[in-house]
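Chain by chain, the residues run as shown.
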Amino acid sequence: MNGSCLCKTVEFKLCYRPSLFYRCHCSLCRKQTGVGYNLATLVKENEFRWIQGENSIISWSKPTGYRTDFCRVCGSTVPNILRDMPYVWVPVGLLDESLVMECVGDFCTDDAMPWDDIRSDTPHSESVQSLAYLLDLLKLTT
Ligand SMILES: [Zn+2]
Ligand SMILES: [Zn+2]
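In this numbering scheme, every chain counts its residues from 1 along its sequence in written order. Ligands are numbered from 1 and chains lettered from A, in the order in which they are written. Reporting in this predicted model follows two pLDDT cut-offs: at least 70 for local features of residues, and 80 or more for side-chain atom pairs to be given and counted; totals over whole chains, interfaces and linings ignore these cut-offs and use all residues. The side-chain numbers reported here are obtained from all heavy atoms of the structure, hydrogens and water having been left aside.

Undergrad: So what about the pattern of salt bridges? Which residues, and what values?
TA: Here, a salt bridge means any side-chain nitrogen of Lys or Arg that lies within 4 Å of a carboxyl oxygen of Asp or Glu. The tally for this structure, following the rule as stated, stands at five salt bridges. A salt bridge links Asp69 to Arg67; its shortest N-O distance comes to 2.7 Å. Each residue gets one of three labels from its accessible area relative to the maximum for its type: buried under 20%, exposed over 50%, partly exposed in between, using a 1.4 Å probe on protein chains only. For Asp69, a relative accessible area of 5% corresponds to the buried category. The class of Arg67 is partly exposed, set by a relative accessible area of 28%.

Undergrad: Give a detailed account of the coordination of the zinc ion (ligand 1), specifying residues and quantitative values.
TA: Each pair of donors in an ideal octahedron of six around a metal sits at 90 or 180 degrees, and each pair in an ideal tetrahedron of four sits at 109.5 degrees. Coordination of the zinc ion (ligand 1) by the protein comes from Cys5 (SG), Cys7 (SG), Cys71 (SG) and Cys74 (SG), over a distance range of 2.3 Å. Ligating atoms shown are N, O and S within 2.8 Å of the metal, or 3.2 Å for Na, K and Ca, and water is not included, meaning a site may look less than complete. A four-donor site is classed as tetrahedral when every donor-metal-donor angle falls between 85 and 135 degrees; four donors are called square planar, and six octahedral, when trans pairs exceed 155 degrees and all remaining angles lie between 65 and 115, with any other arrangement labelled irregular. Its four donor atoms give the zinc ion (ligand 1) angles of 106 to 112° at the centre, a pattern that matches the tetrahedral case. Coordination of the zinc ion (ligand 1) draws on donor residues from a single chain, spaced C-x1-C-x63-C-x2-C in sequence.

Undergrad: Let's hear about the coordination of the zinc ion (ligand 2): which residues, and what values?
TA: The protein atoms that coordinate the zinc ion (ligand 2) are Cys24 (SG), Cys26 (SG) and Cys29 (SG), at distances spanning 2.1 to 2.3 Å. Here the donor residues for the zinc ion (ligand 2) map to a single chain with the spacing C-x1-C-x2-C. With relative accessibility at 7%, the residue Cys29 sits in the buried group.

Undergrad: Would you mind going over the sheet that holds strand β2 (residues 11-14) in detail, with residue names and values included?
TA: A pair of strands is considered paired only if DSSP assigns at least 2 bridges between the two. Only DSSP runs of H or I with at least four residues qualify as helices, and only runs of E with at least two residues qualify as strands; both kinds are numbered from the N terminus onward. Spatial ordering of the open sheet is given by β1-β2-β5, a layout of three strands whose pairing is antiparallel. Both outer strands of the open sheet, β1 (2-4) and β5 (48-52), are each paired with one neighbouring strand and no more. When the angles between neighbouring strand axes are averaged without regard to direction, this sheet yields 30°. Pairing between β2 and β5: four bridges, direction antiparallel. Following the sheet pairing, Phe12 is matched in β5 by Trp50. In this description, a line fitted to the C-alpha atoms serves as the axis of each element, helices being fitted only across the stretch in contact, and the angle between N-to-C directions of two axes falls anywhere from 0 to 180 degrees.

What follows is the structure, given as C-alpha cells:
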C-alpha cells in the first residue's frame, strides 16, 4: 500500500497494511504536527520503499537527536529511517488507504495539553525512549 505527502512529491510504498500505531503528546511532536499529538507507526526497513521524491526531503534535527523530515514543496512530515535500527518511522496520516488501525500506546502524557484527554489503554508519562519497548508494543519484535 502507498503513502504520500500533501502535494504527492514524496511517495512511498509499504509491503503490508500496518494495523497498529502510537500517539506521542510531547511538546516536540505537538510543534511538529501543529496539533495535540503525533500518530505514527514503525515499519521494518525492508518492507518500506521510496517511490519518488526522496531528494525533495529536508531534514531538521535537534542536538538531542529528535529529527523531523518533511517535504520541501508542501511541508508535510514524511517518513524517516531510524539512525541505528532497521526501521522506518511513518506518520500514519500519510497513508493513502482507509485502514482499520488500533492505538497501542500514548507517550509523554504528562506533556499533553489540558484539553487533550484522548488515551489508549497504555498511557505512558515517559518519552518514546525505549525503542525495544515500542517495537514490542507494535508487535515488530521477531
Ligand atoms: Zn509534498
Ligand atoms: Zn513526541
